[in-house]
Amino acid sequence: QVQLVESGGGLVQPGGSLRLSCAASGSIFTMNDSGWYRQAPGKQRELVAAVTSGGTTNYADSAKGRFTISRDNAKNTVYLQMNSLKPEDTAVYYCNAIMQHKAYGPNFSYWGQGTQVTVSS
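Now for a quick tour of the structure. (Residues numbered from 1 in each chain as written. Predicted model: local features only at pLDDT ≥ 70, side-chain atom pairs only at ≥ 80, totals over all residues. Heavy atoms only, no water.)

1. Thoughts on the pairing of strand 11 (residues 115-119)
- The side-chain alternation of strand 11 yields one buried face, formed by Thr115, Val117 and Val119, and one unburied face, formed by Gln116 and Thr118.
- The sheet contact formed by strand 2 (residues 10-12) and strand 11 spans three bridges and is parallel. Each residue of the ladder has a partner; that of Gly10, found in strand 11, is Val117.
- Alignment of strand 9 (residues 91-100) against strand 11, held across three bridges, turns out to be antiparallel. Considered in strand 11, the bridge of Val92 is made with Gln116. (Buried < 20%, exposed > 50% of the residue type's maximum accessible area, 1.4 Å probe, protein only. Helix = DSSP H or I, 4+ residues; strand = E, 2+ residues; numbered from the N terminus. Pairing = 2+ DSSP bridges.)

See the structure below:
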């Protein structure tokens, strides 16, 4: 089993910054693609940013230029640095990671429990 634990959410004023962390633990052989998603009230969950095991990144248009996703493979941890936050960034942010439990084994998708980000003055 694998557990993803997110941290770093909270209340921030417009224009402020937050750094989210997602630490994976458990039976991990390798962490493949990973990403951050968010879900605002009444809306569908959407991709914010993703990063491959090799470091290639992909961002939603709303996140480009403001958010940076990164990862520490040695720690099985993924980060999301969010700058210039706007009220419309308010949502629950979820971490997702694709894991292998053994060499040449199948991939499994795991989700964290979510962390609330509220941008308000």
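2. Some words on the side chain of Arg66
- Structurally, Arg66 can be placed in the loop between strand 6 (57-59) and strand 7 (67-72).
- Residue Arg66 is classed as buried on the basis of its relative accessible area, which comes to 11%.
- Here the side chain of Arg66 touches Asp89 through a polar contact of 2.7 Å, side chain to side chain. (Polar contact = N/O pair within 3.5 Å; in protein donor to acceptor, adjacent residues only side chain to side chain.)

3. Here's the deal with the pattern of salt bridges
- Summed over the entire model, instances satisfying the criterion amount to four salt bridges.
- Notably, a salt bridge pairs Arg38 with Asp89, separated by 2.9 Å at the nearest N-O pair. With Arg38 in strand 4 (residues 30-39) and Asp89 in the loop between strand 8 (77-82) and strand 9, the pair connects residues that are 51 residues apart, well separated along the chain.
- Put simply, Arg66 and Asp89 hold a salt bridge, and the shortest N to O gap is 2.7 Å. In this pair, Arg66 is assigned in the loop between strand 6 and strand 7 and Asp89 in the loop between strand 8 and strand 9, connecting sequence segments 23 residues apart. Across the pair, exposure class does not vary: Arg66 and Asp89 are buried alike. (Salt bridge = Lys/Arg side-chain N within 4 Å of Asp/Glu carboxyl O.)

4. Some details on the sheet that holds strand 7
- The antiparallel open sheet is built from four strands, whose spatial order is 1-3-8-7. Each end of this open sheet is capped by a strand with a single partner; those strands are strand 1 (2-7) and strand 7. Between one strand axis and the next, the sheet turns by 15° as a mean value, whatever way the strands run.
- Pairing geometry for strand 1 and strand 3 (residues 18-26), over six bridges, is antiparallel. What sits directly across from Ser7, in strand 3, is Ser21. (Axes fitted to C-alpha atoms, helices over the stretch in contact; angles between N-to-C directions.)

5. What to know about the packing of aromatic side chains
- Under the criterion given, the structure shown has one aromatic pair.
- Seen from the ring of Tyr94, Arg45 lies directly overhead, with NZ or CZ sitting 3.7 Å from the centre.
- Between Arg45 and the ring centre of Trp111, over which it is positioned, the NZ or CZ distance is 4.7 Å. (Phe/Tyr/Trp six-rings, centres within 6.5 Å; stacked < 30°, edge-to-face > 60°. Lys NZ or Arg CZ within 6 Å of the ring centre and 35° of its normal.)

6. Looking at the state of the cysteines
- With the rule as written, the count across this model stands at one disulfide.
- Shown here is the disulfide that connects Cys22 with Cys95, its sulfur atoms set 2.1 Å apart. On the sign convention where negative means left-handed, the S-S torsion of about -80° between Cys22 and Cys95 marks this disulfide as left-handed. Taken together, the residues span a long stretch of sequence, with Cys22 in strand 3 and Cys95 in strand 9 at a distance of 73 residues.
- For Cys95, a relative accessible area of 0% puts it in the buried group. (Disulfide = S-S within 2.5 Å.)

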